[in-house]
Amino acid sequence: MKNGLRDVLQAETPEAVYMARRRYLKWLGIATASWSLSACAEQNDAVDIADGTHVSVDSDPFTAEDPLTRFEDATSYNNFYEFGTGKSDPRRYAGQLRTTPWEIEVSGMVEQPHTFSLTELLPVEERVERVYRLRCVEAWSMVIPWIGVPLANVIARCRPTSEARFVSFESLADPNQMPGVRSSALDWPYTEALRMDEAMHPLTLLATGMYRRDLPAQNGAPIRLVVPWKYGFKSIKSIKRIRFTREQPETTWNRMQPSEYGFYANVNPEVDHPRWSQRSERRLAGDGNRAFAPRVPTLPFNGYAAQVADLYRDMDLRTWF
Ligand SMILES: Nc1nc2c(c(=O)[nH]1)N[C@H]1C(S)=C(S)[C@@H](COP(=O)(O)O)O[C@H]1N2
Ligand SMILES: [Mo]
């Protein structure tokens, strides 16, 4: 396949020696029993990652068939306002970000608030590879091979109480390392949140890598959320805090401009952004010049309706956006 993972990796990541696929012994996700993955997850392929670890490769629906975005495009056309509002600012300035050591503070409605190291919260043995479409609310999209741990595993480790109905995430906001934070482009820290059932959904991932290497800083190193059926702004980068709450938490974009950025933000071609249509998107994939990226139709829930539409069966998605 043109722009299959193998081609992209060979072209762009010579150091990630491409590795024979082999059967992985078994699915390593931990049991949050009611959220069992589809049967195919038991027979995954495994691949070795540049750092010597290996991960299982989840198959459909966890692996989109779409041609991958070039590594070069996925790492040079970014939204990460902590480093500036221009698309090339993150690559230019995020190199300074110190990502080790990195601790994550877990609080709120949990049995015991705790600060975890990155590998405590996302053990290497639980990492999987998933190819997801990423659809920005600005109507461009990419197709990215992520490495990460299902958020459901991480939540189980945080031990929320039965009262927790939402989970919120906060990014690092360090003006010394992040020039954008010295401006008032947004209300820092960048905050995002999910309803608990969305967070526990097997598609929801906490990513630590992409293209079989560590996450580049501009993509949210060392840990960022990936919620493939929602607009990209929900996929918060460089997470430092996780908090469980009973009430729906405030989120950065929703507080700033609720008429444009809903709390749910499910990809929906039927509901236009007040300033542009959401019916189609520019797909930054393949070898083409980004300025001429082809327009492709936007799919309900970004193509993941079969997996997630049921979460919203009681909501009118035209008003709850
Ligand atoms: N902390 C933080 N997370 C963020 C953003 C941001 O500005 N700050 N931008 C969001 C937006 S709007 C999008 S589309 C995606 C972009 O991810 P990418 O640059 O890896 O493609 O990150 C999201 N996560
Ligand atoms: Mo976005």
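Residues numbered from 1 in each chain as written. Chains lettered and ligands numbered in written order. Predicted model: local features only at pLDDT ≥ 70, side-chain atom pairs only at ≥ 80, totals over all residues. Heavy atoms only, no water.

## Some thoughts on the overall build of the protein
Moving on, step 1. Within the protein one finds eight helices and 15 strands.
Moving on, step 2. Taken over 321 residues, the protein has a buried fraction of 56%.
Moving on, step 3. For the protein, the proportion of contacts with a sequence separation of at least 24, taken over those separated by at least 6, is 70%.
Moving on, step 4. About 14100 Å² of surface is accessible on the protein, with carbon and sulfur atoms providing 50% of the total. (Helix = DSSP H or I, 4+ residues; strand = E, 2+ residues; numbered from the N terminus. Buried < 20%, exposed > 50% of the residue type's maximum accessible area, 1.4 Å probe, protein only. Contact = heavy atoms within 4.5 Å. Areas by Shrake-Rupley, 256 points an atom, 1.4 Å probe, with all protein chains shown as cover.)

## Re the site of ligand 1
Moving on, step 1. For ligand 1, the set of nearby residues contains 17 residues, the closest of which are Asn 78, Tyr 81, Glu 82, Ser 171 and Lys 237.
Moving on, step 2. One nitrogen or oxygen atom from the side chain of Glu 82 is found 2.8 Å from a nitrogen atom belonging to ligand 1.
Moving on, step 3. Take Asn 219: an N or O atom from its side chain is 3.0 Å from an oxygen atom of ligand 1. (Near = heavy atom within 4 Å. Polar contact = N/O pair within 3.5 Å; in protein donor to acceptor, adjacent residues only side chain to side chain.)

## A word on the side chain of Arg 195
Moving on, step 1. If you trace the backbone, Arg 195 turns up in strand β9 (residues 191-195).
Moving on, step 2. Overall, the relative accessible area of 15% leaves Arg 195 in the buried class.
Moving on, step 3. In this structure the side chain of Arg 195 is engaged in a polar contact, spanning 2.8 Å, whose partner is the backbone oxygen of Leu 311.
Moving on, step 4. Discounting residues that sit within four places of it in the chain, Arg 195 has contacts with Arg 165, Phe 166, Phe 263, Tyr 264, Leu 311, Tyr 312 and Met 315.

## Let's talk about the pattern of salt bridges
Moving on, step 1. If you walk through the whole model with that rule in mind, you get 23 salt bridges.
Moving on, step 2. Here Glu 72 and Arg 91 are joined by a salt bridge, their closest N and O atoms 3.4 Å apart. Of this pair, Glu 72 sits in helix α2 (residues 71-74) while Arg 91 sits in helix α3 (residues 89-93), placing them 19 residues apart in sequence.
Moving on, step 3. Given the relative accessible area of 41%, Arg 91 is considered partly exposed.
Moving on, step 4. The partner of Arg 318 in a salt bridge is Glu 270, with the nearest N and O atoms 3.3 Å apart. Of the two residues, Arg 318 is situated in the segment after α8 (305-308) and Glu 270 in the loop between α7 (252-256) and β14 (280-283); the sequence distance between them amounts to 48 residues.
Moving on, step 5. Residue classification places Glu 270 among the partly exposed residues on the basis of a relative accessible area of 41%.
Moving on, step 6. Three or more residues joined by partner-sharing salt bridges are found here, namely Asp 66, Arg 133, Arg 135, Glu 281 and Arg 283. (Salt bridge = Lys/Arg side-chain N within 4 Å of Asp/Glu carboxyl O.)

## Considerations on the sheet that holds strand β8 (residues 166-171)
Moving on, step 1. The strand order across the open sheet built from five strands is β5-β4-β13-β8-β9, with neighbouring strands paired in mixed fashion. The open sheet has two free edges, formed respectively by β5 (114-117) and β9, since each of these has just one partner strand. The mean angle between the axes of side-by-side strands here comes to 20°, regardless of whether they run parallel or antiparallel.
Moving on, step 2. Examined bridge by bridge, strand β4 (residues 103-108) and strand β13 (residues 239-245) share four bridges and lie parallel to one another. Within β13, the position partnered with Ser 107 by the bridge is Arg 243. (Pairing = 2+ DSSP bridges. Axes fitted to C-alpha atoms, helices over the stretch in contact; angles between N-to-C directions.)

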